[in-house]
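# Chain and residue survey
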Protein chains: 2
Amino acid sequence: MNESEILERIARIFARDGRYTKDLILGIGDDGAVISATDDPLVLTTDCAIEGIHFKREWSSLREIGAKVAAANLADVYAMGGVPKFLLVAAAIPKGASNEIFELAEGIAVEADLVGAQVIGGDLSSSEKIMITITAVGTTTKPIKRSGAKVGDVVVVTGLTGWSKAGLNLLQKGLTNSDKAISQFKKPNLPYSSAEKLAIVANSMCDVSDGLLAEANHIGKASSVTLEIDSELISKLAEFSEIATLGREISSDHWEWILSGGEDHQFLATVPANSDYEKHGAFKIGTVKAHGKTYVELVGRAMPNEVGFSHF
Amino acid sequence: MNESEILERIARIFARDGRYTKDLILGIGDDGAVISATDDPLVLTTDCAIEGIHFKREWSSLREIGAKVAAANLADVYAMGGVPKFLLVAAAIPKGASNEIFELAEGIAVEADLVGAQVIGGDLSSSEKIMITITAVGTTTKPIKRSGAKVGDVVVVTGLTGWSKAGLNLLQKGLTNSDKAISQFKKPNLPYSSAEKLAIVANSMCDVSDGLLAEANHIGKASSVTLEIDSELISKLAEFSEIATLGREISSDHWEWILSGGEDHQFLATVPANSDYEKHGAFKIGTVKAHGKTYVELVGRAMPNEVGFSHF
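As the structure is a prediction and not an experimental result, all values here were calculated from the model.

Our next topic: the overall build of chain A. The helix and strand tally for chain A stands at 10 helices and 12 strands. Within chain A, contacts between residues at least 6 apart in sequence are counted, and of these 85% link residues at least 24 apart. Only carbon and sulfur atoms are counted for the fraction: they give 48% of the accessible area of chain A, which is about 11,900 Å². Across chain A, the 30 positively charged side chains and the 41 negatively charged ones have centroids separated by 4 Å.

Below, the structure is given as structure tokens:
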């Protein structure tokens with residue numbers, strides 16, 4: 001299969017009638033894609049994943065890897081109060097691995113389908129190790145910044161964090177105790193519709209890519225407030241006893257997964273105390289206070305030393 | 001320097017009052033960037049460069065590499081008849097190489113400055129080899145597709161192609177005969193303003209990233225016509241005798257550089273015969289004919305076997 005045959009097959013994988021196809025003036029196959037002017041501001045995000053750093057081929061299929069990178073990008077758009085519409089994909093793949101390109105593409109397309117988004121362009125090249133960078137474009141009627149948290153806000157999440165890190169720990173130890181944890185590591189199921197509803201009432205918001213406390217710290221710092229996270233409230237979230245049991249089974253600290261594990265892409269937000277956040281698919285885990293000594297405080301447990309993932 | 005210090009310094013490098021800063025609602029530092037709604041359609045392009053595949057550290061500085069990847073993206077926006085406004089940069093760099101990140105960032109920022117564009121977001125991670133993916137966003141009042149070439153159009157270029165490939169050949173042979181060729185390989189000077197003017201009259205257009213004949217073939221195929229390229233007209237372009245002399249000096253085929261060498265990012269377009277393309281900074285190298293046996297024909301010379309760069 002030569003390069004133009006590969007590109008034609010990729011274009012077929014991405015060719016679908018998405019929710020926003022009407023806004024697509026020109027898709028894959030030219031120097032760039034062209035979309036219609038929008039009535040609302042645009043949200044733009046980019047995220048990259050590299051073999052050996054962000055994923056391992058022996059742990060995840062290429063379909064899962066494609067879907068996971070797409071999910072991380074879609075999550076970033078929702079975290080800004082946006083709705084993702086279009087994706088651009090730059091991929092580099094070892095020579096001769098054309099089937100692997102198609103698997104990656106299918107994973108991306110299937111995840112994008114979940115929210116009606118569509119891949120409209122990209123770039124393909126060769127490399128020793130697989131590399132994917134996705135850029136997502138969406139629109140927003142009300143951009144939600146990390147800096148919008150207000151004293152008195154309730155801190156909420158769309159669901160329990162930690163499953164992805166738990167799955168990674170299982171894979172690292174060669175264990176299979178929890179299909180749920182492993183599948184959440186391979187490709188987390190994101191609460192896209194909760195995120196969209198939560199954005200209606202949120203004062204500040206982000207997705208948990210680096211760990212719950214690390215993201216709370218980002219919001220606290222950007223807003224010059226302190227997010228007080230209550231471990232007692234976290235322990236009342238659905239699935240908490242399940243993840244605690246898994247932690248004991250494999251002698252791992254489930255609190256480390258929950259507080260510092262990343263890549264779940266649950267949504268963390270602060271909302272006015274009188275907002276009906278529970279109807280918007282979110283659960284209280286704390287409150288926003290005036291800035292104290294740190295931007296995030298943990299009640300009921302000692303603060304872990306490492307609060308998130310750092311690349312450097 | 002920790003990750004957040006690195007990110008803050010990168011944000012300072014990219015923080016500048018660009019021509020379109022007024023349209024920036026939220027820049028670097030959140031889950032995504034937010035820009036104002038536009039009156040015109042948007043052009044979106046993405047391009048990736050990987051150490052060892054697209055560039056070598058011993059041949060180019062990181063500043064040049066950053067600028068070159070930015071230029072390739074800006075060129076794609078102009079090739080669509082657009083004006084680039086914003087860039088997103090995903091970069092992966094070996095751990096501990098924070099100075100290298102800043103050099104890359106500075107190269108990108110300086111190239112973007114040439115057209116008033118601005119970096120508004122990105123993603124940073126670690127990797128063994130340097131990887132950069134840039135996504136460019138622009139607007140267009142009149143998208144120019146590859147499929148718009150019409151029989152009777154004149155085929156034009158904004159300047160002589162081949163210098164970049166000539167520079168690569170010099171570096172491969174360890175020669176220094178032409179500073180011009182080497183610098184064009186390291187970081188081509190793109191005729192951005194010619195591209196913007198040419199877009200006003202062009203029926204079809206692309207930038208020469210893969211080689212002149214390969215790009216002509218793309219336009220011919222998309223438009224179902226044949227682009228007849230006249231080598232006699234090419235030999236009348238400015239700098240032709242200079243590149244021919246260089247070819248003889250180092251026993252290389254200058255026609256191979258001109259016809260099949262890539263990465264010059266000159267602009268190739270087809271324009272109505274009665275348009276004042278010369279006032280728009282473009283020079284005739286052929287004509288568009290009804291589709292014959294192939295999508296591109298070369299007059300005055302034998303067609304080379306390889307007409308462009310293929311990754312697979």
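The next point concerns the sheet that holds strand β7 (residues 154–157) of chain A. Residues and elements named next belong to chain A. Reading across from one edge, β8-β10-β7-β11-β9-β12 is the order of the six strands in this open sheet, with mixed pairing throughout. In this open sheet, the two strands that pair with only one neighbour each are β8 (204–207) and β12 (296–299). Neighbour-to-neighbour, the strand axes of the sheet open up by a mean angle of 25°, direction not taken into account. In this sheet, strand β11 (residues 283–290) lies alongside β7 in antiparallel orientation, the contact comprising four bridges. Along β11, the bridge assignment pairs V154 with T287. Most of the contacts of helix α2 (residues 62–79) go to β8, to which it runs at about 180°, and overall it touches β8 and β10 (267–271).

This next bit is on the domain arrangement of chain A. Residues and elements named next belong to chain A. Split by domain assignment, chain A resolves into domain 1 (3–139) and domain 2 (146–299). One C-alpha centre belongs to domain 1, the other to domain 2, and the line joining them spans 26 Å. Facing the 17 residues of domain 1 at the interface are 19 residues of domain 2. When domain 1 packs against domain 2, close to 1,600 Å² is buried across both sides, 65% of that on carbon and sulfur atoms. Of all residues in domain 1, the largest losses of buried area upon contact with domain 2 belong to W59, K68 and Y78, amounting jointly to 43% of the total for that side. Run the count over domain 1 and domain 2 and you get two salt bridges. For K68, the salt bridge goes to E263, with nearest N and O atoms at 2.7 Å. There are four residue pairs in polar contact (both at pLDDT 80 or more) connecting domain 1 and domain 2. Looking at the side of domain 1 that touches domain 2 residue by residue, the classes come out as 11 nonpolar, two polar and four charged.

For the rest of this paragraph, the subject is the packing of α2(A) against helix α3 (residues 98–114) of chain A. Residue and element names in this part refer to chain A. At a minimum axis distance of 7 Å, the contact between α2 and α3 shows a crossing angle of 40°. Classified by the angle their axes make, α2 and α3 are oblique. Regarding α2 and α3, the two cross each other, and that crossing is right-handed. In this structure, α2 contributes L62, R63, I65, G66, A67, A70, A71 and L74 to the contact, and α3 contributes E100, E103, L104, E106, G107, I108, V110, E111 and A112. Classifying every residue of the contact of α2 with α3 gives 10 nonpolar, two polar and five charged.

Here the focus is the pairing of strand β4 (residues 83–93) of chain A. Residues and elements named next belong to chain A. Among the 11 residues in β4, 11 count as buried, and that is most of the element. With nine bridges connecting them, β4 and strand β6 (residues 131–139) associate as antiparallel partners. Note that in β6 the partner of V83 across the bridge is T139. As paired strands, β4 and strand β5 (residues 118–126) are joined by eight bridges and run parallel to one another. Its bridge partner lying in β5, A92 is registered against S125. The parallel pair β4 and β5, bridged by α3, forms a crossover whose chirality is right-handed.

Right, let's talk about the relation of the copies chain A and chain B for a bit. Of the transformation placing chain A onto chain B, the axial shift is 0.0 Å and the rotation is 180°, giving an RMSD of 0.0 Å. Accordingly, the operation relating the two chain copies is best matched by a two-fold axis. Here 100% of the contact residues of chain A are again contact residues in chain B; the copies associate through an equivalent surface.

In this assembly, 66 residues from chain A lie in contact with 66 residues from chain B. Note on chain A versus chain B: buried area summed over both sides is about 4,900 Å², and carbon and sulfur give 61% of it. Across the chain A-chain B interface, the total number found is eight salt bridges. Notably, a salt bridge pairs K221(A) with E8(B), separated by 3.8 Å at the nearest N-O pair. By residue number, the principal contributor to the side of chain A that touches chain B is strand β3 (residues 42–50) of chain A, which donates eight residues. Counted by class, the side of chain A that touches chain B contains 33 nonpolar, 17 polar and 16 charged residues. Pairing geometry for strand β2 (residues 33–35) of chain A and strand β3 (residues 42–50) of chain B, over three bridges, is antiparallel. Bridge pairing in β3(B) places V34(A) opposite V43(B).

Next up on the list: the packing of aromatic side chains. Residues and elements named next belong to chain B. Under the defined criterion, the tally for this structure stands at six aromatic pairs over all chains. When the ring of Y78 is compared with that of Y192, the centres are 5.5 Å apart and the planes differ by 35°; the resulting orientation is tilted. On the criterion of sequence distance, the pair formed by Y78 in helix α2 (residues 62–79) and Y192 in helix α6 (residues 192–201) is long-range, its members being 114 residues apart. The exposure class assigned to Y78 is buried, which follows from its relative accessible area of 2%. With relative accessibility at 7%, the residue Y192 sits in the buried group. With centroids separated by 5.2 Å and ring planes inclined at 50°, the aromatic side chains of F240 and W255 adopt a geometry described as tilted. Of this pair, F240 sits in helix α9 (residues 240–249) while W255 sits in helix α10 (residues 254–260), placing them 15 residues apart in sequence. Using a relative accessible area of 12% as the deciding quantity, one classes F240 as buried.

Residues and elements named next belong to chain B. Within strand β10 (residues 267–271), five of the five residues are buried, which leaves the element mostly enclosed by the surrounding structure. The two faces of β10 match: F267, A269 and V271 on one face and L268 and T270 on the other face are all buried. Bridge count between strand β7 (residues 154–157) and β10: four bridges; the pairing is antiparallel. From the neighbouring strand, V157 faces β10, where its bridge partner is L268. Of the strand pairs in this sheet, strand β8 (residues 204–207) and β10 are connected by four bridges, and their pairing is antiparallel. If you follow D207 over to β10, its bridge partner there is F267.

Conventions and cut-offs
Residues numbered from 1 in each chain as written. Chains lettered and ligands numbered in written order. Predicted model: local features only at pLDDT ≥ 70, side-chain atom pairs only at ≥ 80, totals over all residues. Heavy atoms only, no water. Helix = DSSP H or I, 4+ residues; strand = E, 2+ residues; numbered from the N terminus. Contact = heavy atoms within 4.5 Å. Areas by Shrake-Rupley, 256 points an atom, 1.4 Å probe, with all protein chains shown as cover. Lys, Arg positive; Asp, Glu negative; His and termini not counted. Charge placed at Lys NZ, Arg CZ, Asp CG, Glu CD. Pairing = 2+ DSSP bridges. Axes fitted to C-alpha atoms, helices over the stretch in contact; angles between N-to-C directions. Domains from an automatic or database assignment. Buried area = accessible area lost by both parts, 1.4 Å probe. Salt bridge = Lys/Arg side-chain N within 4 Å of Asp/Glu carboxyl O. Polar contact = N/O pair within 3.5 Å; in protein donor to acceptor, adjacent residues only side chain to side chain. Nonpolar A, V, L, I, M, F, W, Y, C, P; charged D, E, K, R; others polar. Parallel < 35°, antiparallel > 145°, perpendicular 65-115°, else oblique. Left-handed = near helix turned anticlockwise from the far one by under 90°. Buried < 20%, exposed > 50% of the residue type's maximum accessible area, 1.4 Å probe, protein only. Right-handed = clockwise from strand over helix to strand, strands pointing away. Least-squares fit on C-alpha atoms with pLDDT ≥ 70 in both. Phe/Tyr/Trp six-rings, centres within 6.5 Å; stacked < 30°, edge-to-face > 60°.

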